[in-house]
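# A closer look at the structure
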Amino acid sequence: MNQVIEKAYAKINVGLHITGRRDDGYHLLSMVMQTVSLYDRIGIYRTNEDDEISMDMDYGGSHPEEDMTCGDDNLCVKAARLICSRLPESHGYYIHLVKNIPVAAGMAGGSSDAAAVLRGINALEGDYFSKNELCDMALTLGADVPYCIDGGLCLCEGIGEKLTPVNADWNAHILLAKPPEGVSTPSAYKWSDEHPNPLHGDISAVIDAIKKNDNEKIGKNIHNDLENAAKHFVPEISRIEDVMDENNAVFSRVTGSGPTVFGIFDSEDDRSRAAAALRKSELCADIFSVEAVRPDYTAERE
Ligand code: ATP
């Protein structure tokens, strides 16, 4: 086998609690992550050029991001270099990314791409590394990358490395709406450190409610410690939530450090109406209707 096509799914945070801070400055977190059915496609091709990693990229369903290049900074290239540096025999790889997940949107697009490259190259190398070894490598690339190796519904703790998968299939109609303006993740953490939020949610109650498909109960218990920071930097977020709520969203929240808002709807018609209202409002750069998914990356590999 000399080539694979991997899917790299986006995630939403169904709650994000900052629980502390390590001496090295990293925030300790408790987050419920859920994979959703929006994905980048990553072709990974073994070449005859030893050690050479190259990539190019097309934009599919999202808007081009000027800051993102196909050079050494791209998480696909970083992931490929990392895994290749640990293999006993080096190969060259060419990566072709089709970017559908908006960049810097709170949906872990870059982290998911990095995880997909680790998975794909490992498969092409005869599963040389174990899942634990892949997760260790993943953590050096970013806090969300270990979760993205398997995805699904998961409680993520520590700085993102303590993963507790949850065996549940959440049956929700989800609307993702991203305003044009971005939020820098470090700035969101800094702002929320300076403005601690006295309100808290209940992560265990959220997980229990997802297992029971009780969206009302999820809405009552969900909390994101970065939400106020995201709203401070991008005031349109509150207006997007209002439009979702006016169209019968059970609840709407920011994912990660934003600026993407996700709304949960019990009916597909309400979700369609909310999407139409948001398109008319011109508050959003990207709008996607998605479902919660439990990926099976090995079976889905092409
Ligand atoms: P998270 O939800 O994990 O905080 P995010 O969705 O906010 O992540 P990403 O889309 O992962 O953010 O991008 C974060 C940064 O990583 C951007 O500044 C982007 O330029 C850089 N980046 C590098 N490679 C990629 C990639 N393949 N896809 C997206 N972003 C990338």
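So, here's what we can say about the structure. (Residues numbered from 1 in each chain as written. Predicted model: local features only at pLDDT ≥ 70, side-chain atom pairs only at ≥ 80, totals over all residues. Heavy atoms only, no water.)

Scanning the protein chain for helices and strands turns up 11 helices and 10 strands. In terms of overall size, the protein chain behaves like a compact globule, its C-alpha atoms giving a radius of gyration of 19 Å where 302 residues would be expected to give roughly 19 Å. Contacts in the protein chain between residues far apart in sequence, at least 24 positions, make up 75% of those at least 6 positions apart. Split by element, the accessible area of the protein chain, about 13400 Å² in all, is 45% carbon and sulfur. (Helix = DSSP H or I, 4+ residues; strand = E, 2+ residues; numbered from the N terminus. Rg over C-alpha atoms; globule rule 2.2 N^0.38 Å. Contact = heavy atoms within 4.5 Å. Areas by Shrake-Rupley, 256 points an atom, 1.4 Å probe, with all protein chains shown as cover.)

Another point: the nonpolar core. With 66 residues, the main nonpolar core has Ile42, Leu118, Ile121, Met244 and Leu278 as its most contacted residues. The contact partners of Leu278, leaving out residues within four places of it in the chain, are Leu175, Ala177, Ile240, Val243, Met244, Leu283, Cys284 and Ile287. Formed by 30 residues, the second largest nonpolar core is a distinct cluster that contains Met107, Ile203, Phe288 and Ala292. (Core = buried A, V, L, I, M, F, W, Y, C linked by side-chain atoms within 4.5 Å. Buried < 20%, exposed > 50% of the residue type's maximum accessible area, 1.4 Å probe, protein only.)

Okay, the site of the ligand next. Taken together, 18 residues form the shell around the ligand, and within it Leu75, Ala104, Ala108, Gly110 and Asp144 come nearest. The separation between an oxygen atom of the ligand and a polar side-chain atom of Lys11 is 3.2 Å. For the ligand, the protein covers 78% of the area, taking 610 Å² as the surface of the free molecule. Put simply, the parts of the chain that give the shell around the ligand at least two residues each are strand S4 (92-99) and helix H2 (109-124). Looking at which element gives the most residues to the shell around the ligand, the answer is H2, with four residues. Here the residues of the shell around the ligand are counted per class, giving eight nonpolar, five polar and five charged. (Near = heavy atom within 4 Å. Polar contact = N/O pair within 3.5 Å; in protein donor to acceptor, adjacent residues only side chain to side chain. Nonpolar A, V, L, I, M, F, W, Y, C, P; charged D, E, K, R; others polar.)

Summed over the entire model, instances satisfying the criterion amount to 20 salt bridges. A salt bridge links Glu6 to Arg301; the shortest N-O distance between them is 2.3 Å. Pair noted here: Glu6 is in strand S1 (residues 3-21) and Arg301 is in the segment after helix H11 (297-300), with a separation of 295 residues, a long-range link. Relative accessible area serves as the criterion here: at 1%, Glu6 is assigned to the buried category. The shortest N-O distance in the salt bridge between Asp208 and Lys212 comes to 2.9 Å. In this structure Asp208 comes out as partly exposed when scored by relative accessible area, which is 28%. Because the salt bridges share partners, they merge into one network encompassing Glu227, Lys231, Glu241 and Arg253. (Salt bridge = Lys/Arg side-chain N within 4 Å of Asp/Glu carboxyl O.)

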